[in-house]
Amino acid sequence: MEAIIIEGLVKSYGPNVAVDHANLHIDEGTVFGLIGPNGAGKTTILRSLLGIIPYDSGKVLVSGTDMRRANPQLKLKIGYLPQRAAFQEWKTTEQVLLSLGRLSGLEKTYLKERVDEVLELLGIEEYRSRKVGKLSGGTMQKLGFAQAILHEPSVLILDEPMAALDPSSRFLFKKIIKESRALGTTILFSSHILSDIEDLADSVGLLQQGKVRYSGTIAGLKKEVDLRSELMVEVVDDKGEWASVRLPGVDIRQPSPGYLVVHLSDVTQWDVMVPKIMEALMNAGCHIRSFNRREPNLEDVYMAYVGGSN
Amino acid sequence: MNGFYRSKVMIALLIGMPLIALLLFVLTPDLEGLPLGSFTALMISSMAGLLASTTLAVSVINERTQGVYDLLIVRPVRRPHILLAKYLAVVVSVIAAAFLSLLVANIYDWLNNSPIDIGSSLAEPMMVTITMACVSCAVAILVGSLVRSVLLGIILTLYGGNQLSAVIVLTSLQDMMSTEAAAIIGLALAATLVVLAVIMFNRKLNS
Ligand SMILES: Nc1ncnc2c1ncn2[C@@H]1O[C@H](COP(=O)(O)OP(=O)(O)OP(=O)(O)O)[C@@H](O)[C@H]1O
Ligand SMILES: [Mg+2]
């Protein structure tokens, strides 16, 4: 079943079209990653979905309901981490969680336990009684995540959850996201950290200038862009000996001194060709320091799709 | 109702205002005929109103522009409740502060002059205070819902809110109409402004 359906979503700010006929379908219990350049419309889509902002036309459903008109119980199914979470600055971390948890309908004694639980889960117990106005950016982000998962929602919407985090906190967030997924939570998140998307997402949506350019699996996106895997060879004392190597269906280039990049016209032939290429290079007099074959990652695909400039 | 929106400023007001009232009376015992109660009411409610209404306007502007309300909207909270809760919290605090200071003032008066009926000498100034608090805080939430700039918000609240409430209260002090009539007009005005503020707040949150 589909947890989130977006069809023909249009949202403009004055003359500026932020989202242009976007379609996205997200299956229940899956993780969906939203990528795209700054200003592509990721945040706008998420906020329309949550009913925070009205949209011009289209259909936006979470668990089959339009959040603008949702009855209160349905809103409790969703947890939201904004791109820049803000709280009443005079409250402490604990007070923020207690008051938001109460608004999410959590019963008092359970809420207290649950607040302790998420503070510990995110490793921010030491900031329990600190005013949120005095928290660091990363801690604020953790508090934002804490309030999103506090009421154990079945749909999590996270706008750049891993921005502003140190490497181990990023790892922690990813672990929590994976654990939530294992429990059946549907997760929609946007991110510029493509390795995180590749690590977490079952499917991705690529957004550019308000339009959905691609929506589907990462493997499908890679196929669409048709990036081929390549062999990287590092050579010592490169005197251009490699230029004399001629093998059918093999293309050797030198992007920078000391490095060679090898492409095959037939990508099924790697197993046969790698030993032959190595042999030919050594016979030509190259001193090989290292070599490894690299599959294109999401970053390569993204750059090929979106282009370096935008 | 949602009392947790209350802030530290309000608590300071509750304690600070009676203290200021006390100080005022110690320093200026001779008030040239103006009834002591009315004088305190004006003094305190304009000061408390000044502080409270600008604080209220600034906090609405900040919280709105920073996106604090987004996290409330995605929960089962009605949008008008967010603003009304803030309004009520501040108005109630101002009224409580004013009541305390009036009480202090009247007790001082009672100790120093001939014994007077505290109950009746409290009623009219309280009516003035309540009216002023309601009007100036209503202007504050309206300004807070409309404006994005904190500076502009403060200026509009100061000049709009406090002048407006002062004008209404002054008409009664100058015996142009009864305090009751002035209070009714003031409260009606406040109610209109609150409704307007709620409408604007909804609209602005929607963009
Ligand atoms: N409140 C607003 N008023 C006017 N224009 C807006 C508003 N919010 C967003 N926009 C515009 O809508 C477009 C999409 O913005 P959005 O925030 O959705 O981008 P994004 O994909 O989330 O970007 P980023 O990666 O930088 O977060 C941008 O051109 C932005 O300038
Ligand atoms: Mg964004």
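Along each chain, residues carry numbers from 1 onward, in the same order as the chain's sequence is written. All chains are assigned letters beginning at A, and all ligands numbers beginning at 1, according to the order in which they are written. The predicted nature of this model means local features are confined to residues of pLDDT at least 70 and side-chain atom pairs, given and counted, to a pLDDT of 80 or more, with totals for whole chains, interfaces and linings taken over all residues. Values shown for side chains rest on all heavy atoms present in the structure; no hydrogens or waters enter the calculation.

(A) Looking closely at the domain arrangement of chain A. Start and end points for every domain follow an automatic or database-based domain assignment. Segmentation of chain A into domains returns domain 1 (2–223) and domain 2 (230–294). Computed over C-alpha atoms, the centres of domain 1 of chain A and domain 2 of chain A are 45 Å apart.

(B) Representation of the pattern of salt bridges within the structure. Whenever Lys or Arg places a side-chain nitrogen within 4 Å of a carboxyl oxygen from Asp or Glu, that contact is recorded as a salt bridge. As enumerated under the stated definition, the model contains 19 salt bridges over all chains in all. A salt bridge links Arg170 of chain A to Asp196 of chain A; the nearest nitrogen and oxygen atoms lie 3.2 Å apart. Of the two residues, Arg170 of chain A sits in helix H6 (residues 167–182) while Asp196 of chain A sits in helix H7 (residues 194–200), which places them 26 residues apart along the sequence. The partner of Glu63 of chain B in a salt bridge is Lys86 of chain B, with the nearest N and O atoms 3.0 Å apart. Taken as a pair, Glu63 of chain B in helix H2 (residues 36–66) and Lys86 of chain B in helix H4 (residues 79–112) lie far apart in primary sequence, 23 residues in all. Helix and strand definitions here come from DSSP, where helices need a minimum of 4 consecutive H or I residues and strands a minimum of 2 consecutive E residues; each element is numbered from the N-terminal end.

(C) Expanded view of the interface of chain B and chain A. In what follows, residue pairs with any heavy atoms lying within 4.5 Å of each other are defined as contacts. On the side of chain A, 27 residues touch chain B, which itself brings 22 residues to the contact. Both sides together, the interface formed by chain B and chain A hides about 2200 Å², and carbon and sulfur atoms give 58% of it. Put simply, chain B and chain A have one salt bridge between them. For the salt bridge of Asp70 of chain B with Arg47 of chain A, the shortest nitrogen-to-oxygen distance reads 2.6 Å. N or O atoms closer than or at 3.5 Å make up a polar contact, with two conditions inside protein: a donor-capable atom paired with an acceptor-capable one, and, for residues adjacent in sequence, both atoms drawn from side chains. Joining chain B to chain A, the criterion identifies seven residue pairs in polar contact (both at pLDDT 80 or more). Listed by contribution, the elements that provide at least two residues to the side of chain B that touches chain A are H2, helix H3 (70–73) and H4 of chain B. Partitioned by chemical class, the residues of the side of chain B that touches chain A number 10 nonpolar, five polar and seven charged. Accessible area that two parts lose when put together, with a 1.4 Å probe and added across both, is what the buried area reports. Polar here means any residue other than Ala, Val, Leu, Ile, Met, Phe, Trp, Tyr, Cys and Pro, which are nonpolar, and Asp, Glu, Lys and Arg, which are charged; Gly is therefore polar.

(D) Representation of the sheet that holds strand S2 (residues 16–27) of chain A within the structure. Residue and element names in this part refer to chain A. Reading across from one edge, S2-S1-S4 is the order of the three strands in this open sheet, with antiparallel pairing throughout. Only two strands of the sheet have a single partner each, and these edge strands are S2 and strand S4 (57–62). Pairwise comparison of adjacent strand axes, ignoring direction, gives a mean angle of 20° for this sheet. At least two DSSP bridges between two strands are needed for those strands to be called paired. Angles here are taken between N-to-C directions and fall from 0 to 180 degrees, while the axes themselves are lines fitted to C-alpha atoms, restricted in helices to the stretch in contact.

(E) Expanded view of the sheet that holds strand S10 (residues 230–236) of chain A. All names here are of chain A. Read across the sheet, four strands follow the order S11-S12-S10-S13 without closing on themselves; strand pairing throughout is antiparallel. The open sheet has two edge strands, strand S11 (250–256) and strand S13 (287–294), and neither has a second partner. Recorded for the sheet is a direction-independent mean angle of 25° between the axes of neighbouring strands. As judged from the seven bridges shared by S10 and S13, these two strands associate in the antiparallel manner. Bridged to Val235 within S13 is Ile288.

(F) Structural context of the nonpolar core. The criterion is simple. A nonpolar core is a set of buried Ala, Val, Leu, Ile, Met, Phe, Trp, Tyr and Cys residues joined through side-chain atoms within 4.5 Å. Throughout, exposure labels follow a simple rule: accessible area from a 1.4 Å probe, protein chains only, divided by the maximum for the residue type, with under 20% read as buried, over 50% as exposed, and the rest as partly exposed. Ranked by size, the top nonpolar core spans 120 residues in total, and within it Ile4, Phe145, Ile157 and Phe189 of chain A together with Tyr87 of chain B carry the most contacts. If we ignore the near neighbours within four places in the chain, the residues touching Ile157 of chain A are Leu46, Leu49, Leu50, Ile78, Gly79, Tyr80, Leu81 and Leu188 of chain A. One finds Val250, Val262, Met273 and Ala280 of chain A within the second-largest nonpolar core, a separate group that totals 18 residues.

(G) Representation of the site of ligand 1 within the structure. Residues and elements named next belong to chain A. Around ligand 1, the structure places 14 residues, and the nearest of them are Gly39, Lys42, Thr43, Thr44 and His192. In this structure, Thr43 approaches ligand 1 through a side-chain N or O atom, which is 2.7 Å from an oxygen atom. Contact with the protein chains hides 64% of the accessible area of ligand 1, taken as 640 Å² for the molecule alone. When residues of the shell around ligand 1 are traced back to their parent elements, those giving at least two are S2 and helix H1 (42–49). The dominant element in the shell around ligand 1, judged by the number of residues it contributes, is H1, at three residues. Here the shell around ligand 1 is built from residues that sort into four nonpolar, eight polar and two charged. When we say a residue is near a molecule or strand, we mean one of its heavy atoms is within 4 Å of it. Exposure was quantified through the Shrake-Rupley algorithm and a 1.4 Å probe, taking into account, for residues, occlusion by the shown protein chains and nothing else.

(H) Region of the structure containing the pairing of S11 of chain A. Residue and element names in this part refer to chain A. Relative to strand S12 (residues 259–264), S11 runs antiparallel, the two sharing five bridges. Opposite Ser256, over in S12, you have Tyr259 as the bridge partner. Connecting S11 to the next strand, S12, in antiparallel fashion are two residues, including Gly258 with a positive phi near 90°.

(I) The environment of Ile95 of chain B, seen in detail. Residue and element names in this part refer to chain B. In this fold, Ile95 is placed in helix H4. In this structure the C-alpha to C-alpha distance between Ile95 and Met132, which are 37 residues apart in sequence, comes to 9.5 Å. Setting aside residues no more than four positions away along its own chain, Ile95 makes contact with Met126, Ile130 and Ala133.

(J) Spatial organisation of a nonpolar patch on the surface. Residues and elements named next belong to chain B. A patch is a set of surface residues, each over 30% in relative accessible area and not in a salt bridge, joined within 9 Å for like charges and within 5 Å for the nonpolar side chains Val, Leu, Ile, Met, Phe, Trp and Tyr. Taken together, the side chains of Ile107, Trp110 and Leu111 define a hydrophobic patch exposed on the protein surface, amounting to about 310 Å² of accessible area. For Ile107, the position within the fold is in helix H4. A residue is classified by how much of its surface remains accessible, and Ile107, at 36% relative accessible area, is partly exposed.

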